[in-house]
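# Inside the fold
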Amino acid sequence: MDDNLKQKILEQIEEQHLEPTPGWRFRLVRALKHSAVAVLFALTALGLAGSVYILVQNGTLDDLRLGPRWAHPAFFDFPWQLLVLVVVLGILSFVVLRRTARLYRVARWWLVAALVVAVVAGACCAYATNLTRFTFRAGPGQELFRRGGNPFGGMMGGAVIGVVVSRTTQRWVVDSLTGERWLVIVTEETYFPSGSDIPVGTVVRVVGRHLKTTIYAVGIRPVTGMDDMMGTGDMMGPEILVPGTP
Amino acid sequence: MEIRAQEPTDEQLVRQALTDTDAFGMLVERYERPLSSYAARLIGRQEAEDVVQQAFLQAYRSLAGFDPHLTFSAWMYRIVHNTAVNMARKRHGTVPTELELDGEMVEILTGDTDVPAEALHQELEGFVAQGLNQLDQRSRDILLLSVVEGKSYSEIADILMVAVNSVGPSVSRAKDKLRKLLDANPAQRSAL
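Definitions and cut-offs
Residues numbered from 1 in each chain as written. Chains lettered and ligands numbered in written order. Predicted model: local features only at pLDDT ≥ 70, side-chain atom pairs only at ≥ 80, totals over all residues. Heavy atoms only, no water. Helix = DSSP H or I, 4+ residues; strand = E, 2+ residues; numbered from the N terminus. Buried < 20%, exposed > 50% of the residue type's maximum accessible area, 1.4 Å probe, protein only. Contact = heavy atoms within 4.5 Å. Areas by Shrake-Rupley, 256 points an atom, 1.4 Å probe, with all protein chains shown as cover. Buried area = accessible area lost by both parts, 1.4 Å probe. Salt bridge = Lys/Arg side-chain N within 4 Å of Asp/Glu carboxyl O. Polar contact = N/O pair within 3.5 Å; in protein donor to acceptor, adjacent residues only side chain to side chain. Nonpolar A, V, L, I, M, F, W, Y, C, P; charged D, E, K, R; others polar. UniProt positions renumbered as here; feature names shortened; annotations may be inferred. Expected span 1.5 Å × (residues − 1). Arc of directions from axis to C-beta. Phe/Tyr/Trp six-rings, centres within 6.5 Å; stacked < 30°, edge-to-face > 60°. Pairing = 2+ DSSP bridges. Axes fitted to C-alpha atoms, helices over the stretch in contact; angles between N-to-C directions. Parallel < 35°, antiparallel > 145°, perpendicular 65-115°, else oblique. Disulfide = S-S within 2.5 Å.

### A look at the overall build of chain B
Counting its secondary structure elements, chain B contains 10 helices and 0 strands. Here chain B holds 192 residues, and the buried ones make up 54% of them. Once local pairs closer than 6 in sequence are excluded, the contacts in chain B between residues at least 24 apart make up 66%. Surface exposure of chain B reaches about 9,300 Å², of which carbon and sulfur atoms provide 47%.

Structure below.
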């Protein structure tokens, strides 16, 4: 080993006019890396929670397709796109994190813990949704539904009585008896009385989730008489309830 | 390394070195020997000087980015380690290890407290060095730093950028691997 290593190094610094890189560059790079890790990781956790939610809710990977906007390039057009995206984002966030040295050592187990929390949160949300749906359709909620209420607060904001002005498969327009016009969104999961057909002009009671002048219908049935119209009757009679367009 | 009370600390020198190359010279003086030995163990004596020189120049350029949570020593070891590994990959594909092991190191690495006589000890030392070369990069790095360089777990974690609590198990695993390699070598068994 050369004894003049120090001299050599100092000479090289002088000859090559080397200067320490300014501190703000390191701070900027560090801030960018940390922000990238935070954003990537938030997206990963969100995507993971969403994926778990959908998986628990629907029980199939097929429902993780992201939609037509994500159908390009063609090789990415497969049913479980969201899961792949989550994995890619997760790997990316750890790769960026790995480049941050100290943050990696301090934070990596916290990040793993956060991912586990995201998985549990997604599963819990799905379970809670299913529980609500179960209660609403099969358990004590069914009785509530018949009375015209909803499990989130009885009649409050849940039911509208009005005349069907027009209807397509998925969108009905109902003029309420109090003069408001409602757009009623009907899905495959909306309940109707068994064998009922509801033509335009029928007075109906609609139960569902309100959003301004739109109702996402959980159940629709014709109003049978004055008592019913006054809101004292059940939402549905004792007949079997069936989901789907009448 | 002994630092007299009136001498500035490494951290003070780092701050001074941002504007004064002489302060950087003092840092070079303090660390050139241990770093040169470490580099020689990583890449061989021939290239150790190049590695240390490159590492110090790299450190000088990055002085403002020095993480005050680390010690300057650990920071420099990390730079030397990375420089040596990169250079070895470019030139050889693998990193050879040149070791001078004393009786205590051989004892720690082999787990054998019955240290053989002088002649056999030299032979065993050769087997241990050979065994180290057969280990994977990470295991070898861990053993070099913990047994040969005598670094604490905290320093090893800083140098290799791993979690402190993972160093202990890694050292144990690396020792086990080395012992298995030594046990699998019939010449070494007869030497013992």
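### Some details on the interface of chain A and chain B
At the junction of the two partners, chain A supplies 24 residues and chain B supplies 33 residues. Of the roughly 2,500 Å² buried at the junction of chain A and chain B (both faces included), carbon and sulfur atoms supply 61%. Linking chain A to chain B there are 2 salt bridges. The closest approach of N and O atoms between Glu49(B) and Lys8(A), which form a salt bridge, is 2.7 Å. Across the contact surface, chain A and chain B share 3 residue pairs in polar contact (both at pLDDT 80 or more). Of all the secondary structure elements, the ones that give two or more residues to the side of chain A that touches chain B are α1 (5-15), α2 (23-58) and α4 (102-137) of chain A. Among the elements that take part in the side of chain A that touches chain B, α1(A) stands out by supplying 7 residues, more than any other. Classifying every residue of the side of chain A that touches chain B by side-chain character gives 11 nonpolar, 3 polar and 10 charged.

### Regarding the UniProt feature "transmembrane region" (unreviewed entry) in chain A
Residues and elements named next belong to chain A. As recorded in UniProt, the feature "transmembrane region" (unreviewed entry) lies at residues 35-56, 78-97 and 109-129. Split by type, residues 78-97 is 85% helix and 0% strand. Its first and last C-alpha atoms lie 29 Å apart. A distance of 30 Å separates the end C-alpha atoms of residues 109-129, which is 100% helix and 0% strand.

### Some words on helix α3 (residues 81-98) of chain A
Residues and elements named next belong to chain A. Between its terminal C-alpha atoms α3 stretches 26 Å, which fits the 26 Å expected from 18 residues at 1.5 Å a residue. Those residues of α3 not exposed but buried are Gln81, Leu82, Val86, Leu89, Gly90, Ser93, Val96 and Leu97. Seen end-on, α3 carries its buried residues on one side only, within an arc spanning 165°.

### What to know about the packing of aromatic side chains
All names here are of chain B. This model, assessed by the stated rule, comprises 10 aromatic pairs over all chains. Between Tyr38 and Tyr77 the ring centres are 5.0 Å apart and the planes differ by 50°, which places this aromatic pair in the tilted class. Of the two residues, Tyr38 is situated in helix α2 (residues 21-43) and Tyr77 in helix α4 (residues 72-91); the sequence distance between them amounts to 39 residues. According to the relative accessible area criterion, Tyr38 is buried, its value standing at 0%. With relative accessibility at 3%, the residue Tyr77 sits in the buried group. Between the aromatic rings of Phe72 and Trp75, the centroid separation amounts to 5.9 Å while the plane-to-plane angle is 50°, which identifies the pairing as tilted. Pair noted here: Phe72 and Trp75 are both in helix α4, with a separation of 3 residues, about one helical turn. Taken individually, Phe72 and Trp75 each receive the classification buried, so the pair is uniform in this respect. One aromatic cluster is present, formed by Tyr31, Phe66, Phe72 and Trp75 through successive ring pairs.

### Quick notes on the pairing of strand β3 (residues 181-185) of chain A
Residues and elements named next belong to chain A. Here strand β2 (residues 171-176) pairs with β3 via 5 bridges, running antiparallel. By the bridge assignment for β3, Asp175 is matched with Arg181. Remark: 4 residues form the turn of the hairpin made by β2 and β3, two consecutive strands paired antiparallel; Gly179 in that turn has positive phi of roughly 90°. As paired strands, β3 and strand β6 (residues 214-222) are joined by 3 bridges and run parallel to one another. Looking across to β6, one finds that Val184 is bridged to Ile215.

### Things to note about the packing of helix α1 (residues 10-17) of chain B against α2(B)
Residue and element names in this part refer to chain B. It is the contact of α1 with α2, at a shortest axis distance of 7 Å, that shows an interaxial angle of 140°. Considering the angle they form, α1 stands oblique to α2. Touching Asp10, Leu13, Val14, Gln16 and Ala17 of α1 are Ala23, Phe24, Met26, Leu27, Arg30 and Tyr31, all from α2. Its residues assigned to classes, the contact of α1 with α2 comprises 8 nonpolar, 1 polar and 2 charged.

### Here we look at the state of the cysteines
Residues and elements named next belong to chain A. According to the stated counting rule, one finds 0 disulfides over all chains in the structure shown. The closest cysteine sulfur to the non-disulfide-bonded Cys124 is located on Cys125, 7.1 Å from its own sulfur. In this structure Cys124 comes out as partly exposed when scored by relative accessible area, which is 46%.

### So, unusual backbone geometry
Most peptide bonds adopt trans geometry, and most residues besides glycine take a negative phi value. If you check the backbone angles, His17(A) has positive phi at about 50° while not being a glycine. Mapped onto the secondary structure, His17(A) falls in the loop between α1 and α2. Among the residues examined, His17(A) registers a relative accessible area of 67% and is labelled exposed. Of note in the backbone geometry, Met161(B) takes a positive phi value of approximately 55° without being a glycine. The exposure class of Met161(B) is buried, given its relative accessible area of 19%.

### Observations concerning the environment of Cys124(A)
Its place among the elements puts Cys124(A) in helix α4. Taking the C-alpha atoms as reference points, Cys124(A) and Val56(A), separated by 68 residues in sequence, lie 9.0 Å from one another.

### Focus on the environment of Arg140(B)
Residues and elements named next belong to chain B. For Arg140, the position within the fold is in helix α7 (residues 137-148). Relative accessible area serves as the criterion here: at 6%, Arg140 is assigned to the buried category. On a C-alpha basis, the gap between Arg140 and Ala174 in space is 7.3 Å, while along the polypeptide they are 34 residues apart.

### Here we look at the pairing of β6(A)
Residue and element names in this part refer to chain A. Here strand β5 (residues 203-211) runs beside β6; their pairing, made up of 8 bridges, is antiparallel. By the bridge assignment for β6, Arg209 is matched with Tyr216. Hairpin connection, β5 to β6: the antiparallel pair is bridged by 2 residues, and Lys212 has positive phi, about 55°.

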